[in-house]
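# A look at the structure
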Amino acid sequence: MDYTIVENSFFMASSAEPSESSAVGQEAFYLAEPIRILIAEDDKDIRYSLTALFDSIGYQVTEAQDGCEFLDQLAPFILATANDSPPDVILTDVRMPGFDVLNIIEGLRQMGWRIPIFVFSAFADSAMYQRVKQVGVTKFFHKPLDFDQLEQAVRLVTWNAQRD
Amino acid sequence: MDAVGGFATFVWPPTGIALTALLLFGTKLWPGIWLAAFCVNLQMGASTWVAATIGIGNTLEAVFAVLWLQKYVGFHRTFDRLRDVLGFVSFAAFLSTTVNATIGVTALCIGKTIPWEQYQTTWFAWWLGDIMGDLIVAPMLLLWIAPMKLKQTLWTYTEALSLGICTVFVGLISFGGVGVKVVRPYFLFPPLIWACIRFGQKGSVLTVFLIATLAIWFTAIGQGPFASTQLREGLSYLDMFLVVLSVTGLVLASIVTQWNQTHQKLVLEIEERKRQEARIRESEARFRLMADAAPVMIWISGTDKLYNYFNKTWLAFRGRTFEEELGNGWAQGLHPVDLERCLDTYSRSFDSRKDFKMEYRLKRCDGGFRFLDHGTPRYAPDGTFQGYIGSCIDIDDRKKIEKALNEAIGVRDEFLSVASHELRTPLTAMQFQIEILDRIFHKRAGDLAQTVDRSVIVQGLLQQIRRFSKLINDMFDVSRITAGQFRLDLEDIDFSSIVKEVCDRHKEESRNAGCEIKLEIDENPTGRCDRTRLDQIVTNLLSNALKFGPGQPIEIKVGQNSASISLSVKDHGIGISSEHQKNLFKRFKQFAPKQNYHGLGLGLWIVHKIVKGLGGEIVVESQPGKGSIFKVILPRNPTTIQDNFPRSQFSSDHSTII
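Keep in mind that what you see is a predicted model, and the values were worked out from it rather than measured. (Residues numbered from 1 in each chain as written. Chains lettered and ligands numbered in written order. Predicted model: local features only at pLDDT ≥ 70, side-chain atom pairs only at ≥ 80, totals over all residues.)

### Remarks on the overall build of chain B
Check the secondary structure of chain B and you find 19 helices and 12 strands. Across the 658 residues in chain B, those meeting the buried criterion constitute 35%. In chain B, 66% of the contacts between residues at least 6 apart in sequence involve partners at least 24 apart. (Helix = DSSP H or I, 4+ residues; strand = E, 2+ residues; numbered from the N terminus. Buried ≥ 20, exposed ≤ 12 C-beta atoms within 10 Å, placed from the backbone. Contact = placed C-beta atoms within 7 Å.)

### Some details on the overall build of chain A
Helices and strands together make up the secondary structure of chain A, namely 8 helices and 6 strands. In chain A, the succession of helices and strands from N to C terminus is β-α-α-α-β-α-β-α-β-α-β-α-β-α. Looking at chain A residue by residue over its 164 residues, the buried ones come to 38%. In chain A, the share of contacts with a sequence separation of at least 24, taken over all contacts with a separation of at least 6, comes to 71%.

### Section: helix H1 (residues 13-25) of chain B
Residues and elements named next belong to chain B. Here H1 spans 18 Å end to end across 13 residues, near enough to the 18 Å set by a 1.5 Å rise per residue. Regarding H1, the residues found buried are Thr-15, Gly-16, Ala-18, Leu-19, Thr-20, Ala-21, Leu-22 and Leu-23. The inward-facing, buried residues of H1 abut helix H2 (30-43), helix H3 (48-73), helix H4 (82-110) and helix H5 (119-145). The first or second residue beyond H1 is Gly-26, which carries a positive phi of 95°. (Expected span 1.5 Å × (residues − 1).)

### Re the confidence of the model for chain A
All names here are of chain A. Mean pLDDT over chain A works out to 79, with 78% of the residues at or above the 70 mark. Within chain A, the element-level pLDDT minimum falls on helix H1 (residues 9-16), averaging 37, and the maximum on strand E2 (residues 36-40), averaging 94. A low-confidence stretch, residues 1-28 (pLDDT under 50), is modelled with 35 contacts involving residues beyond four sequence positions or located in other chains. (pLDDT = per-residue confidence, 0-100.)

### Some points on the packing of helix H14 (residues 454-482) of chain B against helix H19 (residues 603-613) of chain B
All names here are of chain B. H19 packs onto H14 with a crossing angle of 45° between their chain directions and a minimal axis gap of 10 Å. Accordingly, the angle class assigned to the pair H14 and H19 is oblique. Here H14 runs over H19; the crossing is left-handed. Counted together, Asp-474, Asp-477, Val-478 and Ile-481 of H14 and Gly-603, Ile-606 and Lys-609 of H19 form the full contact between these two elements. Of the residues contributing to the contact of H14 with H19, the split by class is 3 nonpolar, 1 polar and 3 charged. (Axes fitted to C-alpha atoms, helices over the stretch in contact; angles between N-to-C directions. Parallel < 35°, antiparallel > 145°, perpendicular 65-115°, else oblique. Left-handed = near helix turned anticlockwise from the far one by under 90°. Nonpolar A, V, L, I, M, F, W, Y, C, P; charged D, E, K, R; others polar.)

### Thoughts on the nonpolar core
Most often, soluble globular proteins keep nonpolar side chains buried together rather than apart. All names here are of chain B. One finds Phe-88, Met-132 and Ala-215 to be the most contacted residues of the largest nonpolar core, which totals 79 residues. Elements with a contribution of two residues or more to this core: H1, H2, H3, H4, H5, helix H6 (154-175), helix H7 (189-220) and helix H8 (231-293). Among the elements that line this core, the one with the most residues is H5, at 15 residues. Taken domain by domain, the makeup of this core includes at least three residues from each of domain 1 (1-146) and domain 2 (149-279). (Core = buried A, V, L, I, M, F, W, Y, C linked by C-beta atoms within 7 Å. Domains from an automatic or database assignment.)

### Focus: the sheet that holds strand E7 (residues 517-521) of chain B
Residues and elements named next belong to chain B. Here we have 5 strands laid out as an open sheet, ordered E7-E9-E10-E12-E11, and mixed in their pairing. The open sheet has two edge strands, E7 and strand E11 (617-623), and neither has a second partner. Pairs of neighbouring strands in the sheet enclose a mean axial angle of 10°, with direction left out of account. As paired elements, strand E9 (residues 554-560) and strand E10 (residues 564-570) share 6 bridges and run antiparallel to each other. (Pairing = 2+ DSSP bridges.)

### Some words on the confidence of the model for chain B
The predicted structure's coordinates, where accompanied by low pLDDT, should not be read in detail. On average, residues of chain B score 85 in pLDDT, and 93% of them reach the 70 mark or higher. Note on the complex model: pTM 0.51, ipTM 0.78.

### Describing the environment of Trp605(B)
Residue and element names in this part refer to chain B. Locating Trp-605 in the fold gives a position in helix H19. Distance in space between the C-alpha atoms of Trp-605 and Lys-586 is 5.6 Å, their sequence separation being 19 residues. For Trp-605, the contacting residues outside a window of four places in its chain are Phe-585, Lys-586 and Arg-587.

### Quick look at the interface of chain A and chain B
Contacts between the two partners involve 21 residues from chain A and, on the opposite side, 23 residues from chain B. Broken down by element, the side of chain A that touches chain B gets its largest block of residues, 8 residues, from helix H4 (residues 44-56) of chain A. For the side of chain A that touches chain B, a count of residues per class yields 13 nonpolar, 2 polar and 6 charged.

### Notes on unusual backbone geometry
Put simply, Lys143(A) and Pro144(A) share a cis peptide bond, and its omega is -5°. Looking at where Pro144(A) falls in the secondary structure, it is placed in the loop between strand E6 (139-142) and helix H8 (147-163). Despite not being glycine, Phe79(B) shows a phi value in the positive range, around 55°. Here Phe79(B) is to be found in the loop between H3 and H4. Here Lys305(B), not a glycine, exhibits a phi torsion of approximately 70°, which is positive. The partly exposed category is assigned to Lys305(B), around which 15 C-beta atoms lie within 10 Å.

Below, the structure is given as structure tokens:
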């Protein structure tokens, strides 16, 4: 049930080179700088599990438990007060308390942020699909989702991004 | 009979017979006539060629008569029109006979059978004889060959017999005896008129025939007013008298017949008209009956666009009289918003003679209703436009049902969306948790085994499973309740123990939510109740309190009196606005913002149903921002449990209910 945003350059680039993507091994991955990932999810157990899983395979994970925290995590980069660069990947739930995540993503895209943003949701109404498509999400996942699938997608785009 | 010159008699019936034959069977029969005439004349002593010529005369006479009658008169053998009679008298009796007389007498003279000096008298006698044959014999035969059409009652026979006797009697006194005055035969007219009026042409010709027979007979034996020293002289006078008599009879009878026929036709027409009127009245009565009995409201308008009929259903609906509604009176009942549009639609359709369909609200005697009006132009059988007829169907119920249905569909879709989210979220969590455990077991977890506390994962997994199964249970409860299959197992229960149990179970959750639970329980509150369902009530109320009032204390009270036990759960959370309180216990209703609060919106509905099922009451007191109190009052001895779970109208008929 994956939903691909076609106009997004990251995903297009990856799908154009399937053989390369499969050649990317875990070892090669470890050689690079740890990839920083922001995970926003209001369900405690899902967030905890995702963090643990990504952490265990060498990602540097930051968590947000609702829309407000999500915005807080990104604020230093948006305001350019942070010393380092923003996270390499964002994984977020669509519906969370606090700010509307899709609005935030739309804002980021308008500011010219090209980082890969993955969203997942348990809702499946067409209005939300429309909105997801519109704001420029890298890839949409439907809950429940397979971790391997998610990881592979994340690895693919970050590898491409790093190569650039 | 005293033939003039041996051949010209004053009564010559064969002429009539020949004419009858040709009229009946067609002119193709002429050789027979010629042959008969030839033989007769030959026998009477004429030479062959004279007899042949006379035969030709006889034949031509009959043929001409028939052709003329057919061509100029359109002759009816029934003599029931004056035209037939006059045509017959002039063409057949007077004109065609001259042909025969001329040919016959000329032949006799040329054949030297009679001398030329007698030509005139012989011709006259011949002619008169043929006229007699045509006038007296032919009609008689023609009419009496056809079957009798009169009503043959005893009275008719008696009258006919009387007429016959009368005629014969008058005939006898007119013609019988010597030295009878010429005035006597005039007495024959009354019986003739009688016959004409009462028995038509048949009576007339038969009477004339009778009279003629008598007259000729008596004259021949030298009696009666026409008796003369010279028979031929007497007979010629008699003939003239008989011609007048018979023509009078025929004319009179034809006029009477015609008059009778016209009269009868009129009578029939009047009867038909009456029948038609009765039919119209009946169909009108039937229409009114149907219209009045119909459940739809019916109106009719004339060519002036004004309404001129309303059925009883309409009048009963409006609660007004026919006079009040008449014309444009009905339009007073139109909803002001619909008025202009409605009259405009009607007027435009009317002008273009088109069907129309319009919806409007019409005031009923006790309020407004929505109608669908369907009007159609009316036309008379001859195609003239007569106005409109229309029927109105009450679509108020339909509109309400449509609205309710749309709402229900909306609610269902909303529920499916929420349910999908609520079920997918724990599944997702479980999937990741199991993924972690799987990686740990299969040693491909990197440093997972060190960073992750397995017991925390397992605890989380169990909690997600509990959450999941609660959702499933809620949904099953809903379907059981709507199907009328909700079961309650009553037993004696200590309410305090169950409340304490539920609180214990929520210890961790309340700690997480930062809520302190304060219990206030009366001593020994016992009653009959369903353990599981009571647990469900308390659990639902407590979960809601934790969900909507985190960080604030929650107070649970159990009180009692002789008849009932009360349970109240108070939180200091977000509270519920008064407009939402009304719909709080409805299915799938969630008023808290969805992003912040999970749930299917079924909990309170289920609680409400259980409480009702136990014969109790649930009420809510709340102020937005200050918190809510849910109070449940349950009877100690619930009785009418079965009735409290009415089956929903959508449930199956075969399900078993307690």
